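What follows is the residue order along each chain.
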Amino acid sequence: MDDLRKRTRAPVEVHARILAAAADLLTEGAPLSIGSVAEAAGVTKGAVQHHFGTREALLQALWNSTQAEFLDDLGRDAARHGGSPLGAASYLRATVRAGTRRHVTRRWRAVLAACVVERPLARQWSDWVGSCRRDNAEGTQDLIVRLAADGLWLSDLLGIYKLSARERQALQDALLARSEAAKA
């Protein structure tokens, strides 16, 4: 047995390696199975099944960890700037930041790929977005901000527009002004 597959006493590290391997496979468009994830992570199939049980549970864990990181970012933003952590302004700033952080972009790209084929995961994401909007009683201007943020985010994930830091900041400022004007 090679060194990568030796039993480790670091379950947190193994868990993280498995999630990272699943994200890598999804972003590469490779088939995702317990076996392919195990091979990419350098662990046994049994290790993947021990940590996640099923392919679906692995995808759910990828969504949960990616969303939790984003929610933490939203909370930090709201603490820094005021407003609701789930409001359009925090959502915009967190989305703009996410596009500049490579590991975050990779994880969201994987979640997006998973949602294309795993409709329950896509519904879960849609439900979360819907609850954010309902909880914040947002109107048309905030919806425009959210949709523009999502467009920027999608562009970052797919590498469509190559924006400079200056362009990114100008877009964020213009969208935040739109959101603030609606509240005045």
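Here, every reference points to the structure presented above.
Residues numbered from 1 in each chain as written. Predicted model: local features only at pLDDT ≥ 70, side-chain atom pairs only at ≥ 80, totals over all residues. Heavy atoms only, no water.

## Examining the nonpolar core
Keep this limit in mind: Think of a nonpolar core as a cluster: buried Ala, Val, Leu, Ile, Met, Phe, Trp, Tyr and Cys residues, connected wherever their side-chain atoms sit within 4.5 Å. A simple rule labels every residue: compare its accessible area, found with a 1.4 Å probe on the protein chains alone, to the largest value its type can have, and call it buried under 20%, exposed over 50%, or partly exposed in between. Helix and strand definitions follow DSSP, with helices as H or I runs of at least four residues and strands as E runs of at least two, each counted in order from the N terminus. Throughout, a residue-residue contact means that at least one pair of heavy atoms, one from each residue, lies within 4.5 Å.
Counting 49 residues, the largest nonpolar core has I18, V37, V43, W108 and W125 as its most contacted members. Counting residues per element, this core draws most heavily on helix α1 (residues 11-28), which supplies eight residues. Not counting chain neighbours up to four residues away, the residues in contact with I18 comprise V37, A41, V43, A47, V48, H51, F52 and L58.

## Thoughts on the packing of helix α4 (residues 55-81) against helix α6 (residues 102-117)
Counted only if it meets this: To define axes, lines are fitted to C-alpha atoms, for helices over the stretch in contact only, and angles between the resulting N-to-C directions are given on a 0 to 180 degree scale. Under this scheme an angle from 65 to 115 degrees is roughly perpendicular, one under 35 degrees roughly parallel, and one over 145 degrees roughly antiparallel; angles in between are oblique. Each crossing gets its handedness from the near helix: less than a right angle anticlockwise from the far helix is left-handed, clockwise is right-handed. Under the grouping applied here, Gly and all other residues not named as nonpolar or charged are polar, the nonpolar ones being Ala, Val, Leu, Ile, Met, Phe, Trp, Tyr, Cys and Pro and the charged ones Asp, Glu, Lys and Arg.
Orientation of α4 relative to α6, taken along the N-to-C sense of each, is 135 degrees, at an axis distance of 10 Å. It follows that α4 is oblique to α6 by the angle criterion. The way α4 lies across α6 gives a crossing that is left-handed. Counted together, L59, L62, W63, S65, T66, Q67, E69 and F70 of α4 and H103, V104, R107, W108, A110, V111 and A114 of α6 form the full contact between these two elements. Here the residues of the contact of α4 with α6 sort into nine nonpolar, four polar and two charged.

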